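# Coordinate inspection notes
Chain by chain, the residues run as shown.
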Amino acid sequence: MAENVLKLIGIDSYIYLTILLFSVGILGVLFRRSMIVLLMSIEIMLNAVNLLLVVFSVYHQDSAGQVFVFFSMAVAAAEVAVGLSILVSIFRNAGSIDFATLRNLKG
Amino acid sequence: METSLVLILILSPFIGFLYNLFAGKKTREASGVIATLAVTVSFVISVYLFQQVYVSKTPIVVHLFDWISLERFTIGLDFLLDQLSLLWLLFVTGIGALIHLYSIGYMHDDEDKDRFFAYLNLFVGFMMMLVMGGNLLVTFIGWEGVGLCSYLLIGFWYKNQDYNDAAKKAFIMNRIGDLGFLIGMFTLAYIFGTLDYAHLKADFSLAPLTSPTVFAGLTLAGVCLFIGATGKSAQLPLYTWLPDAMAGPTPVSALIHAATMVTGGIFLVTRMGFLYNVIPDVQLLIAIVGAATALFAATIGLMQTDIKKVLAYSTVSQLGLMFLALGVGAYSAAVFHVVTHAFFKACLFLGAGSVIHGLGGNQDIRKMGGVKSVMFVTFVTFFIATLAISGIFPFAGFFSKDEILLSTFEHNKLLWAIGSLASIMTAFYMFRALFLTFFGKFRGTEQEKHHMHESPKTMTIPLIVLAILSTLGGLLGIPGYSWISEYLAPVLPGAPAEAHHLGALEYTLMGVALLGAIVGIAIAYFLYISKKNIPSADEEKEGFGKIIYNKFYVDELYNALIVKPVYALSSLFANVFEKVIAYIVDGVGSLTGYISTQARLIQDGSVGTYLVAFVVGLCAILTYLFIL
């Protein structure tokens with residue numbers, strides 16, 4: 001079954017897809033100002049990488065890649081939880097989640 | 001047993017020092033007593049060890065531990081108690097104890113006496129280390145330590161800037177000599193690979209010393225060690241610190257700057273006698289320097305009006321005589337004179353201190369006179385010591401000085417003449433000081449006359465003891481049978497010095513020396529008793545007398561030749577080089593500051609900007625790595 005999927009569509013298409021997804025994530029990070037969207041974009045980038053791992057795992061007939069993905073999904077879930085809680089406390093303190101307004105690091 | 005005794009011997013003064021340093025303020029009255037006890041303990045142990053070595057004739061060697069251990073080069077913390085160091089120990093601790101006792105009376109009214117006694121104890125400890133050292137390095141520790149104590153005690157009354165300057169002068173002059181000591185030590189370590197006296201001595205008897213490079217190295221070592229000795233023992237050209245060192249309290253002058261520390265140079269040269277015996281050129285140098293110093297200092301002493309300065313120049317002059325003896329290879333005569341000189345010079349200084357104490361601080365002999373009627377004990381002891389230093393039979397100085405002059409006569413007639421002349425001058429200026437101080441009418445103020453009193457018992461007892469020693473000290477080395485040269489024979493280089501055969505020549509020389517001393521005294525008597533001359537005031541002096549009174553302007557000369565150029569150099573460095581360097585360093589600092597101020601603007605604090613920079617940078621790196 002797995003081989004069929006790869007045969008039907010071809011590995012290069014998957015790679016292009018992940019590059020596209022990753023770029024979408026980066027663009028989201030760079031050009032959106034809301035922190036929620038920022039977090040979502042990071043998730044997209046993460047999942048692009050996960051997808052790539054799965055694809056190569058199938059391609060090489062090696063299940064290790066898929067195991068990695070499970071780990072990284074678990075970590076991502078934890079990361080989102082932490083990220084969101086930071087977000088909440090930023091909102092409470094600054095009254096905004098627009099990170100263009102957070103310029104306390106200015107040297 | 002012996003190790004622990006030696007440890008107690010050396011540690012006792014150090015414990016006294018620590019006690020007075022930390023607890024002295026609380027038990028003020030006891031500080032002097034404790035310090036005296038600490039030194040007395042050392043004296044008692046010294047006597048015991050002396051007796052032991054005297055009987056067994058084998059030196060006591062104590063090896064505490066390896067201090068510096070390298071491959072084929074080891075220096076241990078060793079003590080060597082042989083005949084030579086025990087003799088030194090005896091008079092260092094003995095006279096030290098007496099002077100501590102004297103100081104209890106002399107420093108009675110001083111508010112810092114605990115500090116005084118602490119330093120004095122420290123000095124005795126270091127002096128013992130100097131003479132007990134089993135190798136050159138341990139001796140050097142003591143050497144530096146006594147220099148430090150000398151500095152601390154000269155500047156004891158630190159509120160007076162002149163005294164501080166005198167202390168610094170003494171320290172710096174000594175440093176010049178110490179550099180010589182160090183270089184000499186390094187040279188010996190380089191040639192022989194050891195600094196141990198015993199090993200060095202053994203190597204000397206084994207090693208072929210004919211090789212020119214080794215000979216040159218030995219000459220260098222000999223000269224450098226002698227430079228060290230000239231610094232510590234105040235010889236030409238490094239003597240100028242000693243007269244200034246009289247700024248310290250009088251017991252200090254007696255102990256450090258007359259009896260013990262300044263004999264350190266003589267001790268060193270005697271210790272290294274086996275080295276000097278193979279380099280006769282350096283021996284000649286020592287003899288010449290000694291004779292020149294003896295004459296030079298005696299000349300200056302003729303015109304001094306400060307009683308302590310007179311004694312200081314006489315110390316320099318006597319030390320010169322001792323070096324003269326060392327230079328002609330008469331080590332036992334030099335050591336003999338060290339011992340008798342320690343007796344009578346300590347007595348003279350303590351007597352002078354007693355007079356100064358009785359007169360409430362006056363040191364100018366022009367303003368003294370007639371003191372004998374009030375201070376009888378001081379007068380008698382001072383008189384005895386003066387007879388001794390002048391070389392009058394049968395006092396101690398006669399025998400030791402005679403021994404030196406006799407040995408010199410055999411080697412070099414010219415040096416003998418110089419030494420004899422210096423001795424005659426000594427007799428003259430010592431009696432000049434005596435007559436002006438104790439005879440005639442009192443020339444000070446009424447108030448001082450009223451204040452004048454005999455010193456307390458703690459001060460007169462040491463005087464009496466020292467006067468007795470000055471009288472009997474000559475028995476150590478009667479011509480014909482010299483106990484001291486026999487005693488020292490095992491540790492002195494070369495064949496044991498034969499007792500001088502007492503022929504007509506020897507008796508003539510003794511007679512000449514005695515006659516010279518009497519002539520010196522007679523001139524002093526004629527000038528200051530019969531004619532009642534009084535040295536003129538400073539500004540009235542003229543001609544040669546003025547030059548002598550101003551010490552041949554040596555201080556001024558050193559000032560112009562060395563101090564001023566050094567100041568000029570340092571101000572050049574301070575005002576030119578330092579400024580340039582400062583500009584460069586400051587420039588680097590402000591440039592960095594400017595650049596970072598500009599660079600700071602990049603950090604606008606917006607996370608977005610950082611992210612853009614991050615992504616662009618990452619892309620650039622990836623591009624560079626994988627595509628280009």
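Residues numbered from 1 in each chain as written. Chains lettered and ligands numbered in written order. Predicted model: local features only at pLDDT ≥ 70, side-chain atom pairs only at ≥ 80, totals over all residues.

Of regular secondary structure, chain B possesses 25 helices and four strands. Taking the principal axes of the C-alpha coordinates as reference, chain B spans close to 115 × 65 × 50 Å. Counting across all 628 residues of chain B, residues that qualify as buried make up 50%. Within chain B, contacts between residues at least 6 apart in sequence are counted, and of these 80% link residues at least 24 apart. (Helix = DSSP H or I, 4+ residues; strand = E, 2+ residues; numbered from the N terminus. Buried ≥ 20, exposed ≤ 12 C-beta atoms within 10 Å, placed from the backbone. Contact = placed C-beta atoms within 7 Å.)

Residue and element names in this part refer to chain B. Pairing geometry for strand 1 (residues 60–70) and strand 2 (residues 73–81), over eight bridges, is antiparallel. The residue bridging S69 from the neighbouring strand is T74, located in strand 2. Between the antiparallel neighbours strand 1 and strand 2 lie two residues, among them R72 with a positive phi of about 60°. (Pairing = 2+ DSSP bridges.)

This part takes up the interface of chain A and chain B. Contacts between chain A and chain B engage eleven residues on the former and ten residues on the latter. Residues that form the side of chain A that touches chain B fall into these classes: seven nonpolar, two polar and two charged. (Nonpolar A, V, L, I, M, F, W, Y, C, P; charged D, E, K, R; others polar.)

Right, let's get into the domain arrangement of chain B. According to the domain assignment, chain B contains domain 1 (311–549) and domain 2 (556–627). Placing the centre of domain 1 of chain B and that of domain 2 of chain B at their C-alpha centroids yields a distance of 67 Å. (Domains from an automatic or database assignment.)

Right, let's get into unusual backbone geometry. In this structure, P237 of chain B follows L236 of chain B across a cis peptide bond, with omega equal to 0°. Along the polypeptide, P237 of chain B turns up in the loop between helix 8 (212–232) and helix 9 (241–244). Cis geometry is found at the peptide bond from F393 of chain B to P394 of chain B, where omega equals 5°. We note that Q61 of chain A has phi near 55°; this positive angle belongs to a residue other than glycine. Structurally, the position occupied by Q61 of chain A is in the loop between helix 3 (35–59) and helix 4 (64–94).

Okay, the confidence of the model for chain B next. Residue and element names in this part refer to chain B. Of all residues in chain B, 96% attain a pLDDT of 70 or more, and the chain-wide mean is 86. By mean pLDDT, the top-scoring element of chain B is helix 5 (residues 136–154) (92), and the lowest-scoring one is helix 23 (residues 543–549) (71). The ipTM value of the predicted complex is 0.76, and its pTM value is 0.78. (pLDDT = per-residue confidence, 0-100.)

Before going further, it helps to spend a moment on the environment of V335 of chain B. Residues and elements named next belong to chain B. Counting through the fold element by element, V335 comes out in helix 15 (residues 331–358). Residues V335 and G351, spaced 16 residues apart in sequence, show a C-alpha to C-alpha distance of 24 Å. Ignoring any residue separated from it by four or fewer positions in sequence, one finds V335 in contact with L87, T270, I484 and L488.

To characterise two packed helices, one gives the angle between the axes of the helices and the distance between these axes. Residues and elements named next belong to chain B. In the contact formed by helix 10 (residues 250–259) and helix 15, the axes pass within 8 Å of each other and the chain directions differ by 160°. In this view, helix 10 runs roughly antiparallel relative to helix 15, as classed from their interaxial angle. Here helix 10 and helix 15 pass one another in a crossing that is right-handed. Judged by residue contacts, T250, P251, S253, A254, A258 and A259 of helix 10 engage A342, K345, A346, F349, L350, A352, G353 and I356 from helix 15. Of the residues contributing to the contact of helix 10 with helix 15, the split by class is ten nonpolar, three polar and one charged. (Axes fitted to C-alpha atoms, helices over the stretch in contact; angles between N-to-C directions. Parallel < 35°, antiparallel > 145°, perpendicular 65-115°, else oblique. Left-handed = near helix turned anticlockwise from the far one by under 90°.)

Attention now moves to the environment of S571 of chain B. Counting through the fold element by element, S571 of chain B comes out in helix 24 (residues 554–600). Owing to 10 C-beta atoms within 10 Å, S571 of chain B belongs among the exposed residues under this scheme.

Our next topic: helix 6 (residues 161–192) of chain B. For helix 6 of chain B, which comprises 32 residues, the first-to-last C-alpha distance of 46 Å matches the rise-based estimate of 46 Å (1.5 Å per residue) to within 8%. Remark: G193 of chain B follows helix 6 of chain B within two positions and exhibits a positive phi of approximately 70°. (Expected span 1.5 Å × (residues − 1).)

Moving on: the environment of I547 of chain B. Residue and element names in this part refer to chain B. The residue I547 is located in helix 23 in this model. Measuring from C-alpha to C-alpha, the distance between I547 and M303 comes to 9.5 Å, with 244 residues separating the pair along the chain. Other than its neighbours up to four places away in sequence, I547 contacts F552 and Y553.

All names here are of chain B. Between helix 17 (residues 396–411) and helix 18 (residues 413–438), whose axes approach to 8 Å, the crossing angle comes to 155°. In terms of orientation, helix 17 and helix 18 fall into the roughly antiparallel class. Contact residues: helix 17 offers K401, I404, L405, T408 and F409, while helix 18 offers K413, L415, W416, G419, S420 and S423. Of the residues belonging to the contact of helix 17 with helix 18, the class tally is five nonpolar, four polar and two charged.

With that settled, the discussion passes to helix 1 (residues 2–22) of chain B. Residues and elements named next belong to chain B. Between its first and last C-alpha, helix 1 extends 30 Å over 21 residues, near the 30 Å set by a 1.5 Å rise per residue. Roughly 35° is the biggest bend found in helix 1, and it falls at L11, with proline P13 one to four residues downstream. For helix 1, the elements touching its buried residues are helix 2 (28–56), strand 1, strand 2 and helix 4 (113–132). (Bend = angle between axes of the 7 residues up to and from the residue.)

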